[in-house]
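Below are the chains, spelled out letter by letter.
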Amino acid sequence: MVDRLTKKQRSLNMALIKSKDTKPEIIVRKYLHTKGFRFRLHSNTLPGKPDIVLSKWKTVIFVNGCFWHRHKGCKYSYTPKSNTDFWLKKFKENVKRDQKNYDALYAQGWKIIIVWECEVKSDNFTKWLADRVIN
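What comes next is a walk through the structure.

Once that is clear, we can look at helix H2 (residues 23-34). Taking 1.5 Å of rise per residue, the 12 residues of H2 would be expected to cover 16 Å, and the 17 Å separating its terminal C-alpha atoms lies within 8% of that figure. Inspection of H2 places Pro24, Glu25, Val28, Arg29, Tyr31 and Leu32 among the buried residues, and these make up the whole buried set. Down the axis of H2, the buried side of the element spans an arc of 165°, and every buried residue falls inside it. Exposed side chains of H2 directed beyond 90 degrees from the buried face belong to Lys23, Lys30 and Thr34.

Once that is clear, we can look at the packing of aromatic side chains. Aromatic rings considered in pairs are described by the distance between their centres and by the relative angle of their planes. Across all of its chains, the model carries 9 aromatic pairs by this definition. Relative to Trp87, the ring of Phe86 has its centre 5.2 Å away and its plane inclined at 75°; by these criteria the two rings are edge-to-face. For Phe86, a relative accessible area of 42% gives the class partly exposed. An aromatic cluster is defined as three or more aromatic residues linked by ring pairs; in this entry it consists of Phe67, Trp68, Tyr78, Phe86, Trp87 and Phe91.

A few words on the pattern of salt bridges. Per the stated rule, a full pass over the model turns up 3 salt bridges. In this structure, Glu25 engages Arg29 in a salt bridge whose closest nitrogen and oxygen atoms are separated by 2.8 Å. Here the residue Glu25 and the residue Arg29 both occupy positions in helix H2, the gap between them amounting to 4 residues, near one helical turn. According to the relative accessible area criterion, Glu25 is buried, its value standing at 1%.

Residue position: Ala104 is located in helix H4 (residues 84-107). Note on Ala104: relative accessible area 27%, which makes it partly exposed. A sequence separation of 58 residues divides Ala104 from Leu46, and the C-alpha atoms of the two residues are 8.8 Å apart.

Calculation rules
- Residues numbered from 1 in each chain as written.
- Predicted model: local features only at pLDDT ≥ 70, side-chain atom pairs only at ≥ 80, totals over all residues.
- Heavy atoms only, no water.
- Helix = DSSP H or I, 4+ residues; strand = E, 2+ residues; numbered from the N terminus.
- Expected span 1.5 Å × (residues − 1).
- Buried < 20%, exposed > 50% of the residue type's maximum accessible area, 1.4 Å probe, protein only.
- Arc of directions from axis to C-beta.
- Phe/Tyr/Trp six-rings, centres within 6.5 Å; stacked < 30°, edge-to-face > 60°.
- Salt bridge = Lys/Arg side-chain N within 4 Å of Asp/Glu carboxyl O.

Right under this line is the structure:
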């Protein structure tokens, strides 16, 4: 299948995708803040620059996009039909890098919570997050 955008248009489109302050991340942050949690954002002193750092509980939260971080079995974790070899390599490297960062954080004694984009969109997300973080 041929991409309907030119190479330049596709590049601009991809460049606009944010890595920080995404909608799912802001939803998680607002929820945590209303429950009284205080946190740091995007700590560059920790492996993988976690989206949210709860230092008091030695816990980090990654809010991962299903597409980029390959959420298994998720409808948002599809592979583009054009330039498939590039995308498969890109996704494999992303997953490998994520695991390396998780392993390094575990080794330093951090607890890790991974929140997927599709989970934030679900109806029972606040209950799910409460179960994972608060309890």
